[in-house]
Amino acid sequence: MAGVELRQLRYFVTVAEELNFGRAAERLLIAGPSLSQQIQALERDLGVRLLDRDRRSVSLTPAGAALLPHARALLERADDLKRRAGRLSGSEPVRLGYVNWLPAGLVARTSAVARLHIDAWIAPSHTQAARVADGSLDLAVCWVRTEDLEQRGLRAGLIGADRLYAVAAGDDTSDVPAQDTVVLLDDDTTSWSSWNVYAEQVARDTGARVVRVSDGGITGPAFFDHVRRSSRPVINSPKGQSTPLPPDLIQRPVVAPQVYWTWSLVWRTGEDRATVLAVIDALCEGVDDLGIHAAGAWLPDGDPHQR
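Along each chain, the written sequence defines residue order, and numbers are assigned to residues from 1. Given that this is a predicted model, residues contribute local features only at a pLDDT of at least 70 and side-chain atom pairs are listed and counted only at 80 or more, while totals for whole chains, interfaces and linings are drawn from all residues. With hydrogens and water stripped out, all remaining heavy atoms of the structure feed into the side-chain values.

Quick notes on the overall build of the chain
Counting its secondary structure elements, the chain contains 10 helices and 14 strands. Along the three orthogonal principal directions, the C-alpha set of the chain runs to about 100 × 40 × 35 Å. Only protein chains enter the accessibility calculation, which uses a 1.4 Å probe; a residue whose area is less than 20% of its type maximum is buried, one above 50% is exposed, and one in between is partly exposed. Split into buried and exposed, the 307 residues of the chain put 42% on the buried side. Contacts: residue pairs with any heavy atoms within 4.5 Å of one another. Long-range pairs, those at least 24 residues apart, make up 71% of the contacts in the chain between residues at least 6 apart in sequence. Here the Shrake-Rupley method, with its probe set to 1.4 Å, supplies the accessible areas, and only the displayed protein chains count as covering residues. Looking at the chain as shown, the accessible area adds up to about 15,600 Å², and 50% of this sits on carbon and sulfur atoms. In summary, the charge assignment counts Lys and Arg as positive and Asp and Glu as negative, without counting His or the chain termini. Positions of charges follow a simple convention, taking NZ of Lys, CZ of Arg, CG of Asp or CD of Glu. With 34 positive and 39 negative side-chain charges, the chain shows a spacing of 9 Å between the two charge centroids. A run of DSSP states H or I qualifies as a helix once it reaches four residues; a run of E qualifies as a strand once it reaches two. Both are numbered from the N-terminal end.

Quick notes on the environment of Leu299
Along the polypeptide, Leu299 turns up in the segment after strand E14 (297-298). For the pair Leu299 and Tyr260, spaced 39 residues apart in sequence, the C-alpha separation works out to 5.8 Å. In this structure, Leu299 is in contact with Tyr260, Thr262, Ile292, His305 and Gln306, ignoring residues within four places of it in sequence.

Considerations on the nonpolar core
For soluble globular proteins, nonpolar side chains are generally found buried alongside one another. By nonpolar core is meant a set of buried Ala, Val, Leu, Ile, Met, Phe, Trp, Tyr and Cys residues that side-chain atoms within 4.5 Å join together. One finds Leu139, Val183, Trp195, Tyr198, Val202 and Leu265 to be the most contacted residues of the largest nonpolar core, which totals 55 residues. Each residue touching Val202, except ones within four places of it in the same chain, is listed here: Val183, Gly207, Ala208, Ile235, Val259 and Trp298. Listed in part, the 20 residues of the second largest apolar core include Leu9, Val15, Leu35 and Leu42.

Here we look at the packing of aromatic side chains
Stacked, edge-to-face and tilted labels apply to pairs of Phe, Tyr and Trp rings (six-membered ring for Trp) whose centres lie within 6.5 Å, assigned for plane angles under 30 degrees, over 60, and everything in between, in that order. The final tally for this structure, using the stated rule, is nine aromatic pairs. Aromatic side chains Trp101 and Trp263 sit 5.9 Å apart centroid to centroid with 10° between the ring planes, which places their arrangement in the stacked category. Here Trp101, found in the loop between strand E3 (94-98) and helix H5 (106-110), pairs with Trp263, found in strand E13 (residues 258-268); they are 162 residues apart in sequence, far enough to count as distant. For Trp263, a relative accessible area of 1% gives the class buried. Both rings, one in Trp143 and one in Trp261, keep their centres 5.1 Å apart while their planes meet at 25°; by these two values the pair is stacked.

Points about the pattern of salt bridges
The term salt bridge refers to a side-chain nitrogen of Lys or Arg lying within 4 Å of a carboxyl oxygen of Asp or Glu. Here the structure, examined in full by the defined rule, presents 21 salt bridges. As a salt-bridge pair, Arg49 and Asp52 come within 2.7 Å of each other at their nearest N and O atoms. Classification of Asp52 by relative accessible area gives partly exposed; the value is 31%. Arg145 is the partner of Asp148 in a salt bridge, and the nearest nitrogen-oxygen pair spans 3.3 Å. Judged by its relative accessible area of 15%, Asp148 is buried. For Arg145, a relative accessible area of 18% translates into the label buried.

Section: helix H6 (residues 125-133)
Within H6, burial applies to Ser125, Thr127, Gln128, Ala129, Arg131 and Val132. Here the buried face of H6 lies against E3, strand E5 (139-142), helix H7 (146-152), strand E6 (154-163), helix H8 (189-206) and E13. One or two positions beyond H6, positive phi appears at Gly135, with a value near 90°.

Quick word on unusual backbone geometry
With an omega of 5°, the peptide bond between Ala256 and Pro257 qualifies as cis. Looking at the secondary structure, you find Pro257 in the loop between strand E12 (249-255) and E13. Of note, Ala256 is situated in the loop between E12 and E13. Residue class for Ala256 comes out exposed when judged on its relative accessible area of 62%. Positive phi outside glycine occurs at Leu290, with the angle close to 55°.

Quick word on the pairing of strand E9 (residues 182-186)
Of all five residues that make up E9, five are buried, and the element is covered over most of its length. Here E9 shows no split at all, with Val182, Leu184 and Asp186 on one side and Val183 and Leu185 on the other all buried. Strands were regarded as paired on the criterion that DSSP finds at least two bridges between them. As paired strands, E9 and strand E10 (residues 209-213) are joined by five bridges and run parallel to one another. What sits directly across from Asp186, in E10, is Val213. The parallel pair E9 and E10, bridged by H8, forms a crossover whose chirality is right-handed. Throughout, right-handed denotes a crossover for which the path from the first strand over the helix to the second runs clockwise when the strands point away from the viewer.

Remarks on the side chain of Gln128
With respect to the helices and strands, Gln128 occurs in helix H6. Of the residues examined, Gln128 reaches a relative accessible area of 0% and is grouped as buried. In protein, a polar contact requires one atom able to donate a hydrogen and another able to accept it; more generally it is a pair of N or O atoms within 3.5 Å, and residues adjacent in sequence count only if both atoms are side-chain atoms. From its side chain, Gln128 meets the backbone oxygen of Tyr98 in a polar contact 2.8 Å long. With residues near it in sequence (within four places) discarded, Gln128 still touches Gly97, Tyr98, Val99, Trp121, Ile122, Ala123, Leu137 and Ala140.

Right, here's the structure in full:
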């Protein structure tokens, strides 16, 4: 089998269809003797006779008849692979922006349908949504509200969700009711617009206490300093969910309710390019509710994935 070529299989299929070497050679645009030699080489490599031929007729042997549909299937698969490669090499990459989170296996899930370019500019959710709306990006992973989608002419699919926890000093790792927590709001509304909107709703709906900061302390070392100074556990933002905690701080589950942040894949409402739609399908298909619709779960008003 190591010596078998797709070209030889195509020659065999053509002869099998014509049952005449002369007509097959004309279709293939090669000389009759060359065609005969290639068929003989194929038979030698496969170890079976595929065709019975004499001066007057050509017919398939039982082995040839059995192998013919498999040869056709291999050629169809090769042609399909070539078409896919041609579409990928000749098409523009699909541009995707994000905030700080991307779904697992992103490249593996999309590589078969499009060339994906992940934008290097990591920007806040509202900025990435605006870039999709103005055409700077094709897709973005971000947090959005229904009103954002309507105003910008966007659509959204659920691809991720974070259950937010609280961070506290000490060694008590028990559940903490949301009303006994703190949420931070940052005066920098350019960088923290989406988080501020979300945090204000958390406070309004759960009774959590609001503390305003002006030092970018929603994440990073400044956030940990705010936790150390707080008499209550502080709800961590989605940007800090995977950041290791210092040894003097601990994580506490937030309950009553469980507070969720959703990640949406957003695209323009009128999007009709096949590669972009294929990426949307590849990333959104099969995503379940990720716990956001369970009893005791909380989402802010206007979350596009509320039931």
